[in-house]
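# What the coordinates show
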Amino acid sequence: MRSWATPSVPSLPGVGAIPTLYDTATGDARPTDVTNGAQLYVCGITPYDATHLGHANTYLAFDTLNRVWRDAGVEVAYAQNTTDVDDPLLERAAATNVDWRELAESQTDLFRSDMQHLRVIPPDHYIAVTDMVSPIGEAVAVLLEAGFAYRVETLDSSAGDDVYFDVDRAARDTSWHLGIESRLDAATMMHFFSERGGDPDRIGKRNELDPLLWRSARDGEPSWPGAAGSGRPGWHIECTVIARDHLTLPLSVQGGGSDLVFPHHEMSAGHATALTGEPFASHYAHAGMVAYQGEKMSKSLGNLVKVSELIASEIDPRAIRLALLSHHYRSDWEWFDDDVYGAIARLSHWAEWAAGAVAGTASTSLLDGLRAALADDLDTPAAVALVETAVQSGATPTTVDVDAVDALLGIPLR
Ligand code: 5CA
Ligand code: ZN
């Protein structure tokens, strides 16, 4: 599937350091593993109501990682999915009387345009689940054959069997187990599993936490013929197969917002290990949740501030980027409508400062400082503070200073 245009990224003198990154699975920050180049997978949107500032915040976190790796001379291979067939998308399409494909297409288009405005470097592989149904079905058949998956009868006599992943069998016969990535206790797992698309009460499952791999065809729902019967993919296996087929495993980083820690990333990792015998990723990285009006910004609650609406009201997208990067990617924080005006004022001071730049080719202390801050678990608030200090100092910048803000923070000032 097409992605979006690549922003220009100025080259900088010298090279930055390989970034350290906090890993949810171990609870510590350590250097990212780029033995096979950087292999980055970031979970994409479910395209039914895009793009709100929470989404943007998550994609900017991984865009910063991408920029820091590139600045360190690392080759980056980046894949992202769109969950363009799933229950919430189908429900929204039905509720608004729109064809689900049209809904997915229009919202994916909006997302592309928002990402381009925000100067996010596009993934090399931008992959729709509907384009991967066949390999996903084959992977489900492989898991059935190997005994990591089992069929569960549906009450609907017109439908075939659904297929579930056997978490206990995987824990017994592979290096994966529940908790390996999330480190959550059983009660918390159960809570998130129910809240985030799981079905603990489904009769016939071996373990309440076994996740759906393949949903057999139902009347009125989209389905495809497949190696495990006619149906459509479950949520977690889509990301496993898209990552496996477009990148080299283990991933350097499996990324997303913190609402994906469990069950999504834990189960995607379980499916991958059952399929390949290897761990899915070296790092599991998660961005914090952005709230609005006191609650997590979410499509289901509808408390959204959309990037496209801010841009339509003539807000400079660079100010949106600056407002978001002023928060640490791992913190949970709340958006207030005034935030963007602070960022607009700051951006205009920065642009005045940049307009006076004199030619420079050598590394500067601002460049060194930005590199150090960002290589330390993507500390963008520290990076923003360093630029602010340079601007406030009254000293004349060089073009290298200005290019550093563009290349590393994605904010062109000239
Ligand atoms: N399609 C799946 C992933 S395979 C999905 O979670 N889609 S989503 O549209 O719901 O979310 C897209 C990305 O935005 C995910 O990484 C999610 O963690 C992140 N996200 C969603 N809401 C917020 C929020 N309020 N703050 C920060 N990130 C968020
Ligand atoms: Zn995903």
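Owing to the predicted nature of the structure, the values given are computational and were not obtained by experimental measurement.

## What to know about the coordination of the zinc ion (ligand 2)
Around the zinc ion (ligand 2), the protein contributes the donor atoms Cys-43 (SG), Cys-239 (SG) and His-264 (NE2), at 2.0 to 2.3 Å from the metal centre. All donors to the zinc ion (ligand 2) come from one chain, and their sequence spacing reads C-x195-C-x24-H. With Cys-239 in helix H7 (residues 235-246) and His-264 in helix H8 (residues 261-276), the pair connects residues that are 25 residues apart, well separated along the chain. For the pair Cys-239 and His-264, one class covers both residues: buried.

## Notes on the pairing of strand E10 (residues 251-257)
A regular strand places its side chains so that they alternate between the two faces of the sheet. Along E10, seven of the seven residues are buried, which leaves the element largely enclosed by surrounding structure. Between E10 and its parallel partner strand E11 (residues 281-287), the chain crosses via H8, and the hand of that crossover is right-handed.

## A closer look at the nonpolar core
Within the largest apolar cluster, 73 residues are counted, with the highest numbers of intra-cluster contacts made by Leu-53, Trp-335, Trp-350, Trp-353, Val-405 and Leu-413. With nine residues, the top contributor of residues to this core is helix H1 (residues 53-71). Each of domain 1 (20-287) and domain 2 (317-326 + 336-409) accounts for three or more of the residues forming this core. Beyond its immediate stretch of four places on either side in the chain, Leu-413 contacts Arg-318, Leu-347, Trp-350, Ala-351, Trp-353, Ala-354, Val-402 and Val-405.

## Examining helix H10 (residues 317-325)
When you tally the buried positions in H10, you get eight out of nine residues, the bulk of the element. Within H10, burial applies to Pro-317, Ala-319, Ile-320, Arg-321, Leu-322, Ala-323, Leu-324 and Leu-325.

## Concerning the packing of aromatic side chains
Inspection of every chain in the model, using the stated rule, returns eight aromatic pairs. Here the aromatic rings of Trp-4 and Tyr-126 are separated by 5.6 Å at their centres, their planes lie at 80°, and the arrangement is edge-to-face. Of the two residues, Trp-4 sits in the segment before strand E1 (20-23) while Tyr-126 sits in strand E5 (residues 125-128), which places them 122 residues apart along the sequence. Note on Trp-100 and Trp-224: the rings are 6.3 Å apart at their centroids and 80° apart in plane angle, and the pair reads as edge-to-face. Taken as a pair, Trp-100 in helix H3 (residues 100-117) and Trp-224 in the loop between strand E8 (212-216) and strand E9 (231-233) lie far apart in primary sequence, 124 residues in all. A relative accessible area of 13% places Trp-100 in the buried class. The structure contains a cluster of three or more aromatic residues connected by ring pairs, namely Trp-4, Tyr-59, Phe-111 and Tyr-126. Taking the ring centre of Tyr-150 as reference, the NZ or CZ of Arg-206 above it sits at 4.1 Å.

## Considering the confidence of the model for the protein
Scored by pLDDT, the protein has a mean of 97; 100% of the residues are at 70 or more. Within the protein, the element-level pLDDT minimum falls on strand E13 (residues 295-296), averaging 94, and the maximum on strand E3 (residues 38-42), averaging 99.

## A word on the sheet that holds E9
Across the sheet, four strands lie side by side as E6-E7-E8-E9; this open sheet has antiparallel pairing. Of all the strands in the sheet, just strand E6 (149-152) and E9 have a single pairing partner and so form its edges. Looking at each pair of strands side by side, their axes are set apart by 20° on average, direction ignored. As paired strands, strand E7 (residues 162-165) and E8 are joined by two bridges and run antiparallel to one another. Pairing of Tyr-164 across the sheet is with Leu-212, part of E8.

Criteria and cut-off values
- Residues numbered from 1 in each chain as written.
- Chains lettered and ligands numbered in written order.
- Predicted model: local features only at pLDDT ≥ 70, side-chain atom pairs only at ≥ 80, totals over all residues.
- Heavy atoms only, no water.
- Donors = N, O, S within 2.8 Å, 3.2 Å for Na, K, Ca; no water.
- Helix = DSSP H or I, 4+ residues; strand = E, 2+ residues; numbered from the N terminus.
- Buried < 20%, exposed > 50% of the residue type's maximum accessible area, 1.4 Å probe, protein only.
- Right-handed = clockwise from strand over helix to strand, strands pointing away.
- Core = buried A, V, L, I, M, F, W, Y, C linked by side-chain atoms within 4.5 Å.
- Domains from an automatic or database assignment.
- Contact = heavy atoms within 4.5 Å.
- Phe/Tyr/Trp six-rings, centres within 6.5 Å; stacked < 30°, edge-to-face > 60°.
- Lys NZ or Arg CZ within 6 Å of the ring centre and 35° of its normal.
- pLDDT = per-residue confidence, 0-100.
- Pairing = 2+ DSSP bridges.
- Axes fitted to C-alpha atoms, helices over the stretch in contact; angles between N-to-C directions.

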